[in-house]
Amino acid sequence: MTMPEPAYETKEICSVTRLLMSPSRQNSVPALPSALLLPKNYSVLSAFCTEQNVNQCTSYINQEMGSLGLCGLSVELCDGGEGLEAVSALNLMYELLQVNRRSQRALEEMENLHLRSTSDLEHLQHGHTRLKDQLEYIRRENSGLHEGERQLQLKIKTLQSCLKSEKEEVQKLQSIISSRATQYNHDAKRKERECTKLKERLNQLLVDKRDKKLVIEVSNTIGRSDGKRGLWKTGKAEARHEGEMYTALLTDYEARQRSLMVENAELKKVLQQMKKDMMSILSPKKPVAKGAVPEDSLEQVDADAEEEEEEEVCESSRESLEQSCEQAREQLTNSIRLQWRRLKNHMERLDSQASLAASQERERDGEELISRRVHEEELQRLRLELQQCRDFVQAQQQLLQQLSSPCDEETAALLNDCYTLEEKERLKEEWRLFEEQKRNFEKERKSFTDAAIRLGHERKAFEDDRATWMKNQFLNMTPFVDRKRPAKSASTSASSLGAEPEAKVISTPAPLTKSHSYTAFNTPKAPISSRTPSTADLYRTLRLLPDNSCTRGSGKRGSRLDSSSVHSSGEHSTAKSRQRPPDSSLRSHAKDFHSPT
Amino acid sequence: MNFSEVFKQTNQLCRVSPDGKYLATCVQYRLVIRDVNTLQILQLYTCLDQVVHMEWSSDSLFILCAMYKRGLVQVWSLEQPDWHCKIDEGSIGLLSSRWSPDGRHILNTTEFHLRVTVWSLCNKSVSYIKYPKACQKGMDFSTDGRYMALAERRDCKDYISVFVCNDWHLLRHFETETQDLAGVEWSPNGCVLAVWDTCLEYKVLLYSLDGRLLSTYSAYEWSLGIKSIAWSPSSQFLAIGSYDEKVRILNHITWKKIVEFEHPATINNTKAVVYREVEKRLTIASDDLSLQQLSMGSSVFNSQSKYEICQLPVQVPTVQPDTDRANPKVGISSLSFSADNRYLATKNDNMPTCVWVWDMQRVGLQAVLEQASVVRCFVWDPRRPRLAVCTANSKLYLWSPAGCVSVRVPVEGCFQVLSLLWHCSGDSLILIGKDQLCLCYMETEQES
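Residues numbered from 1 in each chain as written. Chains lettered and ligands numbered in written order. Predicted model: local features only at pLDDT ≥ 70, side-chain atom pairs only at ≥ 80, totals over all residues. Heavy atoms only, no water.

## Notes on the overall build of chain A
Helices and strands together make up the secondary structure of chain A, namely 19 helices and 1 strand. Here chain A, with 597 residues, has 22% of them falling under the buried criterion. For chain A, contacts bridging at least 24 residues in sequence account for 60% of all contacts bridging at least 6. Summed over all atoms, the accessible surface of chain A reaches about 44500 Å², with 57% contributed by carbon and sulfur. (Helix = DSSP H or I, 4+ residues; strand = E, 2+ residues; numbered from the N terminus. Buried < 20%, exposed > 50% of the residue type's maximum accessible area, 1.4 Å probe, protein only. Contact = heavy atoms within 4.5 Å. Areas by Shrake-Rupley, 256 points an atom, 1.4 Å probe, with all protein chains shown as cover.)

## A few points about the overall build of chain B
Counting its secondary structure elements, chain B contains 1 helix and 40 strands. Of all intrachain contacts in chain B linking residues separated by at least 6 positions in sequence, the fraction that spans at least 24 positions is 45%. Of the roughly 18500 Å² that chain B leaves accessible, carbon and sulfur atoms contribute 48%.

## Some thoughts on the nonpolar core
Residues and elements named next belong to chain B. Within the largest apolar cluster, 36 residues are counted, with the highest numbers of intra-cluster contacts made by Leu206, Leu238 and Ile240. Counting residues per element, this core draws most heavily on strand β19 (residues 192–197), which supplies 5 residues. In contact with Leu206, other than residues within four places in its own chain, are Val192, Leu193, Ala194, Arg212, Leu213, Leu214, Ser215, Trp231, Leu238, Leu250 and Trp255. Of all hydrophobic cores here, the second largest spans 24 residues; its members include Ala239, Val259, Phe337 and Trp358. (Core = buried A, V, L, I, M, F, W, Y, C linked by side-chain atoms within 4.5 Å.)

## Thoughts on the sheet that holds strand β17 (residues 169–175) of chain B
As summarised here, the arrangement of the 4 strands in space is β14-β15-β16-β17 (chain B), forming an open sheet in which the pairing is antiparallel. With partners counted over all chains shown, the strands left at the sheet margins are β14 (139–141) and β17 of chain B, one partner each. With strand direction ignored, the average angle separating the axes of adjacent strands in the sheet is 20°. Alignment of β14(B) against strand β15 (residues 147–154) of chain B, held across 3 bridges, turns out to be antiparallel. The partner of B:Met139 across the bridge, within β15(B), is B:Leu150. Sheet contacts for helix α6 (residues 235–282) of chain A: β15, β16 (157–164) and β17 of chain B; angle to β17(B), the most-contacted strand, approximately 65°. (Pairing = 2+ DSSP bridges. Axes fitted to C-alpha atoms, helices over the stretch in contact; angles between N-to-C directions.)

## Quick notes on the pattern of salt bridges
All names here are of chain B. Under the defined criterion, the tally for this structure stands at 33 salt bridges over all chains. Between Arg248 and Asp244 there is a salt bridge, and its shortest N-O distance comes to 2.8 Å. When the shortest N-O distance is used, the salt bridge between Asp359 and Arg342 registers 3.0 Å. You can see Asp359 sitting in strand β32 (residues 354–359) and its partner Arg342 sitting in the loop between β30 (332–337) and β31 (343–348), a full 17 residues away along the chain. For Asp359, a relative accessible area of 2% gives the class buried. (Salt bridge = Lys/Arg side-chain N within 4 Å of Asp/Glu carboxyl O.)

## Brief notes about the sheet that holds strand β4 (residues 30–35) of chain B
Hydrogen bonding along the main chain pairs the strands of a sheet, whether they run parallel or antiparallel. Residues and elements named next belong to chain B. Spatial strand order, β2-β3-β4-β5: 4 strands in an open sheet with antiparallel pairing. Both outer strands of the open sheet, β2 (14–16) and β5 (41–46), are each paired with one neighbouring strand and no more. Taking the axes of each pair of neighbouring strands and ignoring which way they run, one obtains an average angle of 15° across the sheet. Where β2 and strand β3 (residues 22–27) come together, 3 bridges link them in antiparallel fashion. When the sheet's bridge partners are listed, Cys14 is paired in β3 with Thr25.

## Let's talk about the packing of aromatic side chains
Residues and elements named next belong to chain B. Summed over all chains, the structure comprises 15 aromatic pairs over all chains. Between Tyr22 and Trp56, the ring centres sit 6.1 Å apart and the planes meet at 20°, which makes this aromatic pair stacked. Of this pair, Tyr22 sits in strand β3 while Trp56 sits in strand β6 (residues 53–56); the two residues are 34 residues apart in sequence, bridging distant segments of the chain. The exposure class assigned to Trp56 is buried, which follows from its relative accessible area of 6%. Relative to Trp399, the ring of Trp380 has its centre 6.1 Å away and its plane inclined at 85°; by these criteria the two rings are edge-to-face. Here Trp399 lies in strand β36 (residues 395–400) and Trp380 lies in strand β34 (residues 377–380), a separation of 19 residues in the sequence. Of the two residues, Trp380 and Trp399, both sit in the buried class. Each residue in the set Phe62, Trp83 and Trp99 is aromatic and connected to the rest through ring pairs, giving one cluster. In this structure, Arg30 packs its charged tip against the face of Tyr29, placed 5.8 Å from the ring centre. A cation over a ring is seen here: Arg34 above Phe7, with NZ or CZ 4.0 Å from the ring centre. (Phe/Tyr/Trp six-rings, centres within 6.5 Å; stacked < 30°, edge-to-face > 60°. Lys NZ or Arg CZ within 6 Å of the ring centre and 35° of its normal.)

## Examining the interface of chain A and chain B
If you look at the interface, chain A gives 38 residues, while chain B gives 48 residues. In total, chain A and chain B occlude about 4100 Å² of area from one another, counting both sides; carbon and sulfur atoms represent 54% of this. The interface formed by chain A and chain B holds 3 salt bridges in total. In this structure, B:Lys130 engages A:Glu200 in a salt bridge whose closest nitrogen and oxygen atoms are separated by 3.5 Å. (Buried area = accessible area lost by both parts, 1.4 Å probe.)

## Observations concerning the confidence of the model for chain B
Residue and element names in this part refer to chain B. Across chain B, the average pLDDT comes to 88, with 94% of residues at or above 70. A low-confidence stretch, residues 285–301 (pLDDT under 50), is modelled with 17 contacts involving residues beyond four sequence positions or located in other chains. Across the assembled chains, the prediction reports ipTM 0.75 with pTM 0.58. (pLDDT = per-residue confidence, 0-100.)

## Observations concerning a nonpolar patch on the surface
Residue and element names in this part refer to chain A. Judged by side-chain polarity, Leu173, Ile176 and Ile177 come together as a nonpolar surface patch covering roughly 260 Å² of accessible area. By the element assignment, Ile177 lies in helix α5 (residues 86–209). A residue is classified by how much of its surface remains accessible, and Ile177, at 56% relative accessible area, is exposed. (Patch = residues over 30% accessible without salt bridge, like charges linked within 9 Å, V, L, I, M, F, W, Y side chains within 5 Å.)

## Concerning unusual backbone geometry
Residues and elements named next belong to chain B. Here the amide bond leading from Leu312 into Pro313 is cis, since omega sits at -5°, within 30 degrees of zero. Phi angles above zero are rare outside glycine, and Ser60 is one such case at about 60°. Tracing the backbone shows Ser60 in the loop between β6 and β7 (62–67). Of note, the phi angle at Lys124 is positive, near 60°, even though the residue is not glycine. Of note, Lys124 is situated in the loop between β12 (115–120) and β13 (126–130).

## Section: the pairing of strand β33 (residues 364–370) of chain B
All names here are of chain B. Among the 7 residues of β33, 7 are classified as buried, and the element is accordingly described as predominantly covered. Looking at chain direction, β32 and β33 are connected through 6 bridges and run antiparallel. Across the sheet, residue Trp356 finds its bridge partner in β33, namely Val368. With antiparallel pairing between neighbouring strands as the criterion, β32 and β33 make up a hairpin whose turn holds 4 residues, including Val363 at a positive phi of roughly 45°.

## A closer look at the side chain of B:Thr10
The topology assignment puts B:Thr10 in the loop between β1 (2–8) and β2. Leaving out residues up to four positions away in the same chain, B:Thr10 has contacts with B:Cys26, B:Val27, B:Gln28 and B:Gln50.

## Describing a positive patch on the surface
On the surface, a cluster of positive charge is made up of A:Lys189, A:Arg193, A:Lys197 and B:Lys157. If you trace the backbone, A:Lys189 turns up in helix α5. (Lys, Arg positive; Asp, Glu negative; His and termini not counted. Charge placed at Lys NZ, Arg CZ, Asp CG, Glu CD.)

## Brief notes about the environment of B:Thr198
All names here are of chain B. Within the element layout of this structure, Thr198 appears in the loop between β19 and β20 (204–208). Of the residues examined, Thr198 reaches a relative accessible area of 15% and is grouped as buried. Between the C-alpha atom of Thr198 and that of Lys227, which follows or precedes it by 29 residues, the distance is 8.8 Å. Leave out the neighbours within four places in its chain, and Thr198 touches Asp180 and Ala182.

## So, the confidence of the model for chain A
All names here are of chain A. Model confidence for chain A is summarised by a mean pLDDT of 70, while 55% of its residues fall at 70 or above. When the elements of chain A are averaged for pLDDT, helix α14 (residues 516–522) gives the smallest value, 40, and α5 the largest, 91. In the model, residues 287–303 has pLDDT below 50 throughout and makes 10 contacts with residues more than four positions away in sequence or in other chains.

Structure, rendered in structure tokens:
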């Protein structure tokens with residue numbers, strides 16, 4: 001709108017445009033209001049387009065349109081030169097309206113934007129002021145703090161100076177004190193000296209004056225409390241006093257030494273006791289530890305060595321109790337220390353094991369959360385079983401007591417010792433076995449005695465036979481033929497005679513049958529057996545299989561006596577086993593006996 | 001428990017003879033000898049002046065009566081009433097007088113500690129020991145009476161002389177490492193001499209009989225040190241009480257500290273029993289409240305008291321000492337062992353109403369006796385572990401491991417027990433008042 005008007009534009013146009021342009025101009029041009037107020041009355045003057053200037057107007061408008069970018073549209077006059085072409089004019093108008101609306105919208109948007117920006121600005125301004133205030137406040141605070149700091153610094157300075165002065169004061173006072181002390185000491189000494197001098201003088205005066213009053217009046221002198229006369233002061237007396245003094249000291253020291261020795265001995269005893277206890281605590285656990293913990297076998301070996309050493313030490317220290325020599329004492333303490341260390345190790349190991357077990361337990365619990373009910377049931381069951389077993393054990397105990405009444409005390413003690421269920425069970429088993437065995441033996445014995453009688457008869461017959469045979473041999477004796485025969489027969493007779501006591505000697509280990517001891521015992525017999533293998537074999541088989549002996553032994557009578565002796569030993573052992581059921585050797589023996597039956 | 005009637009005495013002069021047969025009391029210038037059992041007067045001696053000090057000889061045959069103001073000592077014989085001995089120290093003056101252990105010599109310390117005069121009753125001879133030191137305990141005889149240790153001061157240095165009492169032969173003479181020696185005390189077995197320094201310095205020196213220094217002990221420096229010292233009867237322990245309110249026990253082998261007994265104002269040791277004396281005024285509003293009782297003056301004397309066992313912790317009353325003055329009332333002023341070495345009784349000066357009993361076997365506090373008034377004196381029974389305590393009122397207090405008891409002395413009139421004295425058998429106890437005395441017989445063990 002502010003663009004320059006074309007040169008041909010009239011003043012009127014100008015005025016109209018001006019009117020449209022700014023309402024403020026309305027007032028400045030007071031001639032125009034009438035035209036505005038009465039728009040219907042288009043005055044010729046004020047109109048833009050008149051009949052005369054239609055052409056200019058159209059061209060002008062076209063031009064304007066062109067400048068507005070609406071090139072395609074133009075107002076065209078009718079051919080007649082009069083009136084406008086309606087279509088083009090309307091199009092133009094429509095376009096203009098569109099443009100107007102668009103511009104209007106743009107304007108609105110712009111206004112909105114403006115509004116927003118102004119509010120933003122306001123907000124920013126607010127923020128700015130606030131920040132400014134804050135800054136101000138902080139500055140003030142800062143200055144305040146600075147001020148405080150300065151004051152504190154000042155204070156510190158004054159205090160430091162104060163301290164310094166105090167220190168100086170203290171030092172001064174100390175020096176004063178020390179100087180005074182020295183002065184005082186000096187004065188005191190001087191005074192003391194004077195005092196002593198005065199005393200000396202006084203003494204002298206008193207002595208010189210021979211104070212008459214200084215007397216003792218005794219109606220008659222009395223004897224000494226010890227009844228002796230006073231002695232002259234001589235060198236001898238002096239020596240005597242010295243001697244007495246030293247004897248007194250000596251007796252005191254002796255008494256003290258004695259008491260210390262007693263104390264020492266007691267402490268040593270305690271130490272020994274402790275050591276013994278430790279050893280007893282530690283030693284039974286060792287094999288278990290050995291089996292359970294193979295990785296520290298080396299350590300174990302060490303420990304074994306140590307223990308041996310300790311035992312030696314123990315012995316020696318026991319001796320040392322009397323002689324209490326330095327080295328022995330050291331040994332004792334060392335061994336105690338060693339034991340202590342071992343105990344500690346052991347405890348630690350136990351601790352770790354316990355913790356391990358606990359953790360395992362926990363893990364297992366975590367793994368297999370067996371229902372509690374099952375556990376409880378199991379527990380209940382076990383408890384019941386335990387109760388039953390206990391009853392059982394008690395009954396057995398009673399039975400045993402009744403059975404072994406002659407050796408009551410021993411059995412009672414032993415029963416106390418082997419109270420566990422297992423042992424009872426085994427005992428019972430054994431008992432039954434032994435009873436059976438006993439019966440067997442009884443039977444056997446009978447058969448054996450019969451056999452023995454028979455053997456006796458047979459032997460007699462044999463002897464007779466032999467005598468006759470010998471006689472025959474003797475009679476028709478040849479130098480080398482059958483030389484061995486009489487020797488052999490002699491040896492057999494000797495062996496049969498000598499076998500009886502020998503068998504008795506070895507009878508106790510004999511029932512162990514295949515054990516080494518048996519063969520070892522029998523080794524001296526080896527030559528005999530080689531000479532008479534059949535007899536030895538018989539012996540062996542007899543001992544091995546007492547049941548079969550009846551069938552086998554029937555052939556050879558000489559062996560039966562031996563087996564009877566074996567039998568008696570077996571009886572003996574049963575009697576023994578009654579007393580000592582937990583003896584393992586006897587148990588195995590019983591088993592061996594039992595197995596063939 | 002029975003009580004005798006009241007006898008007169010002056011200056012609290014009352015002594016039982018060492019053999020336990022006689023009781024000697026001084027009334028003004030008269031010396032009265034009684035039989036302990038019958039209390040009948042056996043002898044009556046008249047001295048030249050009011051007696052200040054009285055002492056039995058070790059064999060119970062003679063009695064020494066000293067009149068310090070006149071410089072006189074009179075000796076009386078019990079066997080021969082007409083025998084008489086008088087020693088006059090003359091113008092030199094007399095400060096203290098005592099028997100030598102043999103009972104045949106008298107040792108007089110002259111004024112200004114000028115010298116010690118040794119008078120012999122056997123041959124009237126006199127000898128002098130110069131330069132004795134004026135201190136807390138400058139002279140001590142060993143228990144067996146064979147040796148005497150005497151502190152001396154020469155050339156501003158401390159020395160100790162050990163004499164053989166038999167013939168006053170000087171056995172040893174040695175210098176001590178002390179600033180200003182305060183006292184000497186023999187161990188009961190007579191082989192060790194404990195020497196302690198002045199209170200300005202905490203220092204104990206232990207010398208053998210032959211003058212060798214066995215050990216030195218010092219607990220701390222600078223502040224006030226040792227106040228009192230006591231040997232256990234077995235010579236096994238040396239208890240040292242000091243101004244820091246602690247008792248330190250040294251052992252006889254290494255002479256090192258075994259234990260330290262503190263005396264805290266708040267007792268919370270659960271193993272200790274605190275007995276508190278509770279006084280109950282007699283509520284006699286009836287005609288019993290006669291003129292006589294009113295004339296007794298102080299109502300303290302007709303009050304009854306009993307012990308209560310306090311619940312721990314217990315706050316013990318303390319006195320704030322005046323530290324600006326010399327010899328402040330703080331620290332362990334007295335300690336003594338029971339005859340069986342088992343217990344140690346102590347008194348802390350700033351807790352004047354309390355007696356502390358320590359168990360030496362357990363090395364811990366056994367009991368505390370909190371009295372209603374200030375404790376004057378406590379003495380162990382010479383035979384049993386039994387402690388007698390008095391607090392300057394008409395009551396006697398006894399402690400034993402079994403418990404504690406308070407007994408009112410049934411005496412007419414005002415009788416304040418100021419001091420106590422056990423008979424050597426432990427069967428009777430002499431209660432000493434201001435100018436009276438009374439015997440108390442212990443009948444059975446249960447009563448204590």
